[in-house]
Each structure stands twice: as C-alpha cells, then as structure tokens.
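Tertiary structure, described
Here is what each chain is made of, one letter per residue.
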Amino acid sequence: MKVALITGINGQDGSYLAEFLLSKGYEVHGTLKRNSIPENQTSRLSSIYEEIKNNLYHADMCDMASLLKVILKVQPDEIYNLAAQSHVRVSFDQPKYTTDTIVTGTLNLLELIRHINPKIKLYQASSSEMFGNSIDEDGFQRETTPMSPVSPYGCAKLCAFNLIKCYRNSYNIFASNGILFNHESPRRGTSFVTNKIIRGALRIKHGLQETLALGNLDASRDWGHAEDYVKIMWGILQLDTPDDFICATGTSHTVREFCEYTFTSLGMDYKKYITQDERYFRPQELDCLKGDVSKLQSVMNIDRTYTFETMIDHMLQEEEKRYA
C-alpha cells in the first residue's frame, strides 16, 4: 500500500485528490491549517472523513518543524503540495503571506525530502498564472512559453516552480511541476469568480438578491474540472521521469461567457443582472490563458469527464440543492 501526504488536503483539489487516492488503494494523510471554526475545516472531506480522520495533522507550510514532525510520522511515498494562499486578487493585498506559503513552503518540503528521504516523490501545484500575458503566436501557452507573471501569486508560483527544477537537477529528487490552468467544481471557494457567479445567479433566481457585481468580464480562461485534474496530478508522479507538464483543456472562455451560460441555464438574461465594480479588478490584469497539453498527452492518456458546460451544470446542480 502506497502512502500519500497531501498538504492542504481540505481544499478543493486536496479533497478530490484524497478521494481519488483512496480509490486507488492508498493510505492517505493530509495537513490542515488550523481554523478557529473546526466544524467548517473539513467540510469538503465529509464523504471520507471517517476513513481519514486519524490521518489529519495541523501544520504550517512556513514552519519547517511542523512539517518535519508530520513527514517523520507518515513516512510518505508521495507528497502532493497543494497548500497555499491561492487567491490571485488577495495576493495583491497579502503579498508577503502569499509568497511565504508558496515559496518558503515549497522550499521547506524540498529540504526535508532531501535530508530525510530523497526517494519521496513530490508533486508541486504550479499555476498558469506564471505566464502572465505572455502567449505564443498561435494563442496558446506551453511549457516553453516565456513566463512573466502579473500578480504576487504568479510571481511566488514561478519561484516555487524554479525551486522544484533546481532541486530535481541538483539532488536527483523526483519532483514534478503540474502547471494547472483554471479548474473549478462545486467545492470551489465562494470568493472565486466562478462560484461567485453560480451562487449569485441562484440567489437572484430565488429572489435573495437583485444584481451581481463582478470585475473584468472579458478576462479569458482555460477552465477545467478539479475532479479531472487531480487524476493527472497522480499520473504525473507515476511516470518514470520527473518533469514539468501543462494541464489544461486547450479551449478558453471569457467570464462573460461563463455568466451567459449560467444565467441562460436558469432562464435569465445575464445582462439584466451583472454589474461591474472596480473593487474586483486587479491592479494588473491577465487577459487570456489557454494551455497546450501536447506534452502531457505524449506521456499519458487524459481522460476528462467534464466539458466547460457540464462543469457549470455540475456546479449549478450542487448549489441548487441548498435551495431545494
């Protein structure tokens, strides 16, 4: 039985990954950041909580001692580093905290693997935000596209990305970067624009609010479903050689299109309800993200369950249950 440690196991990606690894026969452990309201802390893990409740540990990515204690206890074969301050807009308000959790956290894991057990395989959650507005002539971003991030979050992810490559080459550690483009699900945090649109549209439908304020409606993103992407995280660590891979759908849609499909699905015209508020614009905007997955497809089969439309349908169906 393989043993996996997931940092940030109670997040969107961590919860789906934990379920998937359990289905593969793994012994799954995870770290949590302490929350003063513990009842909400593991809500995304409700379906598997009884199975893993004794394998959850409080740890801080910036506190190497707490990570050391967990790794020595768990003795993992694989570590999936998903813990971070993950909201791009918030990273402008909390740049140091964002950088600490991402850069220092990744460095702490690399140092611990290097000194405790160099055979541990490490998956690093890298991000399409590292590209910024850099894009190839054909409209895609790929592993060779220059990276020029436009947010503190993107800058921190790029530093962690390079640390993974540095330790991989310097110490022969099996450390891989998964450059994930935007991925959503019913478990997405309510402060993220996709879930904000889903919840706002349903609240308007049920007469609980009149309008929905958003930022840049023309921002274009390559959106996939988190449940599909965690399978790829696992697949990357099953390869014979560590490397860096883009994980995306290869198609992009604007926030406006997301709104249009969501509201139309509920029998409404989004133009009557959407307003724009400067508070939700970033100091520096990222215009378009669209990933080329050719490299990933050359080494593994990509089995996606969801399309852009069925991803939104899933989010609407799960949120609608709150109003049933």
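Residues numbered from 1 in each chain as written. Predicted model: local features only at pLDDT ≥ 70, side-chain atom pairs only at ≥ 80, totals over all residues. Heavy atoms only, no water.

Between helix α8 (residues 193-205) and helix α12 (residues 308-320), whose axes approach to 10 Å, the crossing angle comes to 50°. It follows that α8 is oblique to α12 by the angle criterion. Viewed along their axes, α8 and α12 form a crossing whose handedness is right-handed. Where α8 approaches α12, its residues Thr-194, Asn-195, Ile-198, Arg-199, Leu-202 and Lys-205 are matched on the opposing element by Ile-312, Met-315, Leu-316, Glu-319 and Glu-320. Considered class by class, the residues forming the contact of α8 with α12 number 5 nonpolar, 2 polar and 4 charged. (Axes fitted to C-alpha atoms, helices over the stretch in contact; angles between N-to-C directions. Helix = DSSP H or I, 4+ residues; strand = E, 2+ residues; numbered from the N terminus. Parallel < 35°, antiparallel > 145°, perpendicular 65-115°, else oblique. Left-handed = near helix turned anticlockwise from the far one by under 90°. Contact = heavy atoms within 4.5 Å. Nonpolar A, V, L, I, M, F, W, Y, C, P; charged D, E, K, R; others polar.)

This brings us to the packing of helix α10 (residues 255-265) against α12. Packing of α10 against α12 brings their axes to within 10 Å, and their N-to-C directions diverge by 55°. Relative to α12, the element α10 lies oblique. Read as a crossing pair, α10 and α12 show a hand that is right-handed. Where α10 abuts α12, its residues Phe-258, Tyr-261, Thr-262 and Ser-265 lie against Phe-308, Glu-309, Met-311, Ile-312, Asp-313, Met-315 and Leu-316. Of the residues belonging to the contact of α10 with α12, the class tally is 7 nonpolar, 2 polar and 2 charged.

Its location among the elements puts Asn-117 in the loop between α6 (95-116) and β5 (121-127). C-alpha of Asn-117 to C-alpha of Ile-173: the two residues are 56 residues apart in sequence and 9.5 Å apart in space.

Our next topic: the side chain of Ser-185. Among the structural elements, Ser-185 can be located in the loop between β7 (183-184) and α8. Of note is the side chain of Ser-185, whose polar atom sits 2.8 Å from the side chain of Gln-12. Within the local environment of Ser-185, its side chain forms a polar contact with the backbone nitrogen of Arg-187, the two atoms lying 3.0 Å apart. Ignoring sequence-local partners within four residues, the contact set of Ser-185 consists of Gln-12, Tyr-16, His-225, Ala-226 and Met-315. (Polar contact = N/O pair within 3.5 Å; in protein donor to acceptor, adjacent residues only side chain to side chain.)

Let us look at the sheet that holds strand β2 (residues 27-32). Spatial ordering of the open sheet is given by β3-β2-β1-β4-β5-β6-β11, a layout of 7 strands whose pairing is parallel. Looking along the sheet, the strands with just one partner apiece sit at the ends: β3 (56-58) and β11 (244-247). Between one strand and the next, the sheet's axes are offset by a mean angle of 20°, whatever the strand orientation. Relative to strand β4 (residues 78-81), strand β1 (residues 3-7) is paired through 4 bridges, and the arrangement is parallel. Paired with Leu-5 across the bridge in β4 is Ile-79. Helix α9 (residues 226-238) rests against β4, β5, β6 (175-180) and β11 of the sheet, and its axis sits at about 140° to β4. (Pairing = 2+ DSSP bridges.)

Our focus in this paragraph is α12. The periodicity of an α-helix, 3.6 residues per turn, causes residues three or four positions apart to be oriented the same way. Compared with an ideal rise of 1.5 Å per residue, which puts 13 residues at 18 Å, α12 spans 18 Å between its outermost C-alpha atoms and is within 8% of the ideal. Taken as a whole, α12 has its buried residues at Phe-308, Met-311, Ile-312, His-314, Met-315, Leu-316 and Glu-319. In the core, the buried residues of α12 are packed alongside α1 (12-23), β7, α8, β10 (224-225), β12 (253-254) and α10. (Expected span 1.5 Å × (residues − 1). Buried < 20%, exposed > 50% of the residue type's maximum accessible area, 1.4 Å probe, protein only.)

Relative to the elements of secondary structure, Gln-284 occurs in the loop between β13 (274-276) and α11 (294-297). Those residues within four positions of Gln-284 in sequence are excluded, and the remaining contacts are Phe-92 and Val-150.

Of note in this structure, Gln-75 is not a glycine but carries a positive phi near 55°. For Gln-75, a relative accessible area of 45% gives the class partly exposed. Even without glycine at this site, Asn-172 takes up a positive phi of about 60°. The residue Asn-172 is located in the loop between α7 (152-171) and β6 in this model. Overall, Asn-172 belongs to the exposed group, its relative accessible area being 70%.

Here the focus is the packing of aromatic side chains. Within the structure shown, the criterion is met by 8 aromatic pairs. Between Tyr-80 and Tyr-123, the ring centres sit 6.1 Å apart and the planes meet at 40°, which makes this aromatic pair tilted. With a gap of 43 residues between them, Tyr-80 in strand β4 and Tyr-123 in strand β5 connect regions that are remote in the sequence. Across this residue pair, the class does not change: Tyr-80 and Tyr-123 are buried. Centre to centre, the rings of Trp-223 and Phe-258 are 5.2 Å apart; their planes meet at 65°, and the pair counts as edge-to-face. One end of the pair, Trp-223, is in the loop between β9 (220-221) and β10; the other, Phe-258, is in helix α10, and 35 residues separate them in sequence. Look at Trp-223 and you get buried, because its relative accessible area is 4%. Given the relative accessible area of 0%, Phe-258 is considered buried. Put simply, the rings of Trp-223, Phe-258 and Phe-308 touch in pairs and so form one group of aromatic residues. We note Arg-187 situated over the ring of Tyr-16; from NZ or CZ to the ring centre the distance is 3.9 Å. (Phe/Tyr/Trp six-rings, centres within 6.5 Å; stacked < 30°, edge-to-face > 60°. Lys NZ or Arg CZ within 6 Å of the ring centre and 35° of its normal.)

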